[in-house]
Amino acid sequence: MSARTLTVRVVRIEAMTPDVRAFELVHPWGGMLPGYAAGAHLDVHTPGGFMRPYSLARAAAPGPVASYVIGVKREPASRGASAALHERVQEGDLLAVGTPRGSFGLQPGARHLLLAGGIGLTPLLAMAEQLQQEGRDFTLAVFARSRAHLAFADALAALGPRVRLHFDDAAVPEKIDLGTLLAGAPGDGRLYLCGPAGFMQAVRRAAAHWPEDRVHAEYFAPPEGAGEARAGEAFTLRLARRGVTLPVAAEQSAVEALASVGIDIPTSCEQGLCGTCVVGWDAGGAAPEHRDFCLTGAERRHKVALCCSRAPAGGTLVVDL
Ligand code: FES
């Protein structure tokens, strides 16, 4: 569910690669849209009744913005959201979107290394543009199948030499060795990654020596094998600010249990990927069994994703609600 839904007009559609289109969305009557931080996403409601989160691809100044830009890759087997956006949405159409949100974003640090695989470029492009605007040190490494598959090429060119490109296509010289790129002690550096599952695994392997708290990942889908680990046991949820306790059944998520008593927690992916449902938790109860893929180790010490994470069987999770 979305905290708030906006109606926007599709003012521009641009074919950026054979399978990626950029959609620029504006207020239908020329007004301004709610602002956002680089790394945020929009929940987009598409023809056919689908809803998918898409990262905002361009940096925004603080405050309201004139437009949103998303990049949508048409998935080869898609009969869902990406196909609907590519095939059924035209310039001038109206779409419903949620207000921008998400927990993936820039962190404090002296150096920022952003690694993008394919369409995982979109949030990292916005973050790189923000770093550029703020005069902060960054490298954006972009991995694509070929130059023809490089989305947002003009925006990347505008970022100058801080952008490095890697093309799988053997016919071009650009290559980046992940081991070399990620070698050395990160110091107070930060690593951000977003891309398809194989890319995320490869980067995680190459960055195994990086402290978990310095690695910030946005996944498209739960890593392989994560499904079985998400089975639940009954536990209790205590809402610290309300002074209320409620049971969470084995087959329920905390979000569902809260909804059953009329407390709506905003959600988007419902898979532990986006951070929309994250709230604070209190050490007065059991430590959560974290099942998300978006919080760092440090964040997990005081935050929990209620769409997927739970207390241990029979335990009580105290949350800041
Ligand atoms: S709704 Fe996306 S992490 Fe919970």
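Located above this text is the structure these notes cover.
Residues numbered from 1 in each chain as written. Predicted model: local features only at pLDDT ≥ 70, side-chain atom pairs only at ≥ 80, totals over all residues. Heavy atoms only, no water.

A.B. asks: Which parts of the structure should I look at to understand the pattern of salt bridges?
C.D. replies: Counted according to the given criterion, the structure contains 13 salt bridges. Ionic pairing is found between Arg-204 and Glu-212, a salt bridge with its closest N-O pair at 3.4 Å. Here Asp-213 makes a salt bridge to Arg-301, at a shortest N to O gap of 3.5 Å. Remark: Arg-301 occurs in the loop between helix H7 (297–300) and strand S15 (303–305) and Asp-213 occurs in the loop between helix H5 (197–206) and strand S11 (215–219); sequence separation between them is 88 residues. Here Asp-213 falls in the partly exposed class, since its relative accessible area comes to 27%. (Salt bridge = Lys/Arg side-chain N within 4 Å of Asp/Glu carboxyl O. Helix = DSSP H or I, 4+ residues; strand = E, 2+ residues; numbered from the N terminus. Buried < 20%, exposed > 50% of the residue type's maximum accessible area, 1.4 Å probe, protein only.)

A.B. asks: Help me understand the sheet that holds strand S7 (residues 111–117), please; the structure alone is not making it clear to me.
C.D. replies: In any sheet, the strands associate via hydrogen bonds between backbone groups, in a parallel or an antiparallel arrangement. A sheet is described by the order of its strands in space; here 5 strands give the open sequence S9-S8-S7-S10-S11, paired in parallel fashion. Of all the strands in the sheet, just strand S9 (163–167) and S11 have a single pairing partner and so form its edges. With strand direction ignored, the average angle separating the axes of adjacent strands in the sheet is 15°. Relative to strand S10 (residues 189–195), S7 runs parallel, the two sharing 6 bridges. Across the sheet, Leu-114 pairs through a bridge with Tyr-192, a residue of S10. Along the sheet, helix H2 (residues 121–133) makes contact with S7, strand S8 (137–144), S10 and S11, crossing S7 at roughly 155°. The sheet contacts of H5 involve S7, S8, S10 and S11, and relative to S10 the element is tilted by about 155°. (Pairing = 2+ DSSP bridges. Axes fitted to C-alpha atoms, helices over the stretch in contact; angles between N-to-C directions. Contact = heavy atoms within 4.5 Å.)

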